[in-house]
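Coordinate analysis (summary)
The chain contents come next:
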Amino acid sequence: MNKSAKIWMNGELIDWNDAKIHIMSHVVHYGSSIFEGIRCYDTEKGSAILFLDEHIKRLRDSSKIYRIEIPYSEKELKEAIISTIKTNEHKSCYVRPLVYRGQGALGVNPYRASIEVAIATWEWGTYLGDDVLENGVDVRVSSWSRLAPNTLPSWAKAGGNYLNSQLIKMEALMDDYAEGLALDINGYVSEGSGENIFVVRDGIIYTPMSAQSILPGFTRFAVMHIAKKLGYEVRESLIPREALYVADEVFLTGTAAEITPVRSIDKYPVGNEKRGPVTEVLQHNYLKIVQTGEDPYNWLTFI
Ligand SMILES: Cc1[nH+]cc(COP(=O)(O)O)c(CN[C@@H](CCC(=O)O)C(=O)O)c1O
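Quantities reported herein were computed from a predicted structural model and do not represent experimental measurements.

Notes on the domain arrangement of the chain
Quoted interface sizes are often the accessible area lost when the parts come together. Each domain of the chain was delimited in the assignment, giving domain 1 (6–122) and domain 2 (132–292). Summarising the inter-unit geometry, the C-alpha centres of domain 1 and domain 2 are found 26 Å apart. Residue-level contacts link 22 residues of domain 1 with 23 residues of domain 2. Carbon and sulfur atoms make up 63% of the surface buried where domain 1 meets domain 2, a total of about 1800 Å² over both sides. Where domain 1 packs against domain 2, one counts 0 salt bridges. The tally of links between domain 1 and domain 2 comes to 10 residue pairs in polar contact (both at pLDDT 80 or more). Looking at the side of domain 1 that touches domain 2, the elements with two or more residues in it are β3 (33–35), β4 (38–43) and α2 (52–65). By residue class, the composition of the side of domain 1 that touches domain 2 is 9 nonpolar, 6 polar and 7 charged.

Observations concerning empty space enclosed by the protein
Tallying each qualifying case throughout the model produces 1 cavity of 30 Å³ or more. Each pocket or cavity is described by its volume, and for the largest cavity that value is around 40 Å³. Contributing to the lining of the largest cavity are R39, L50, F51, H55, F218, T219, T255 and Y286. Among the residues making up the lining of the largest cavity, the classes are represented as 4 nonpolar, 3 polar and 1 charged.

Focus: the nonpolar core
Ranked by internal contacts, the top residues of the largest apolar core, which has 24 residues, are L50, I205, F251, L282, Y286 and W299. Counting only elements with at least two residues in this core, the list comes to β5 (46–50), β11 (196–201), α6 (218–229) and α8 (277–292). Built from parts of two domains, this core gets at least three residues from each of domain 1 (6–122) and domain 2 (132–292). In this structure, L183, A243, V250 and L252 belong to the second largest nonpolar core, which totals 22 residues.

Digging into the layout of surface pockets
Volume-wise, the largest pocket comes out at about 820 Å³. Lining of the largest pocket is provided by 43 residues; of these, F35, Y94, R96, K157 and Y162 occupy positions nearest its centre. In terms of residue count, the dominant contributor to the lining of the largest pocket is helix α5 (residues 161–174) (5 residues). Here the lining of the largest pocket spans two domains, and each of domain 1 (6–122) and domain 2 (132–292) adds at least three residues to it. Looking at the second largest pocket, its volume works out to about 280 Å³. What lines the second largest pocket is a set of 17 residues, among which Y30, S32, Y66, R101 and P110 lie closest to the centre. Residues that form the lining of the second largest pocket fall into these classes: 9 nonpolar, 6 polar and 2 charged. In terms of domain composition, the lining of the second largest pocket takes at least three residues from each of domain 1 (6–122) and domain 2 (132–292).

About the criteria used
Residues numbered from 1 in each chain as written. Predicted model: local features only at pLDDT ≥ 70, side-chain atom pairs only at ≥ 80, totals over all residues. Heavy atoms only, no water. Domains from an automatic or database assignment. Contact = heavy atoms within 4.5 Å. Buried area = accessible area lost by both parts, 1.4 Å probe. Salt bridge = Lys/Arg side-chain N within 4 Å of Asp/Glu carboxyl O. Polar contact = N/O pair within 3.5 Å; in protein donor to acceptor, adjacent residues only side chain to side chain. Helix = DSSP H or I, 4+ residues; strand = E, 2+ residues; numbered from the N terminus. Nonpolar A, V, L, I, M, F, W, Y, C, P; charged D, E, K, R; others polar. 1 Å grid on protein atoms, 1.4 Å probe; cavity = no way out; pocket = protein on both sides within 12 Å on 5 of 7 lines; lining within 4 Å. Points joined across faces, edges and corners; volume = space filled by probe spheres on them. Core = buried A, V, L, I, M, F, W, Y, C linked by side-chain atoms within 4.5 Å. Buried < 20%, exposed > 50% of the residue type's maximum accessible area, 1.4 Å probe, protein only.

Given below as structure tokens:
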């Protein structure tokens, strides 16, 4: 992992190696954290954070769902993020704001634990490996379902949700796949351990509905917006597992994953087993924004 000089913790910028928490923190025992994954890009017009306002709002939403009172305003969090990026002298980086329940008293009851806030930044290349944005990845359908509705809320980006993601990821890696795709409890396609998914068939672009145990991602939003602007029909719909096997194209989207083509699923080849034309044009339009800084949709915050 590419360490940076400083991590912001509760208002202070401290050395990376000193950014520690107590073992008796509630979060260590009960997974009581919420977080965001944000990218700052070194665009031709300068460094810019993609979807900053949206990520901070989703962090706020996650805190509301888990009844966590974040002790900083959205403005203060944004300023802290920008300050941390600049202190660490990043031109581009990945940003991880984290809110967690600290010390106080153990036991499930979270209300007696303190609320702590940290912001880490580091340089993080392509999420699923080098050259995958062009060559794609091999994935499998997981034997683990995505979170069941009304159990762990998938719209909250909470640490505990990623225990399900870890099971999906470990199972995929054990069989030499780059990623696992989970179905929802009804057997319809949901999402990857850390990404949303899109399926292209006969020129129509499909993606699971936001109520199908997914984290409704901003990259998913961006891809849907760009696709509609380009004249594609985009459908949020139930996608049966077998649709994956007869798709013309499949790709994953996420802040870390960006737009990653899928070249095979459960050893079934997808299309020509490489990035398809629809995936390529969407990837080109998405990356053009973060590379050139030309921002027709006002998604960038220049710092
Ligand atoms: C479960 C999940 N689903 C969808 C997405 C896509 O959301 P968005 O980034 O807003 O387009 C992410 C982001 N995954 C983040 C964390 C990855 C990690 O390993 O940690 C990310 O991509 O930053 C998820 O974790």
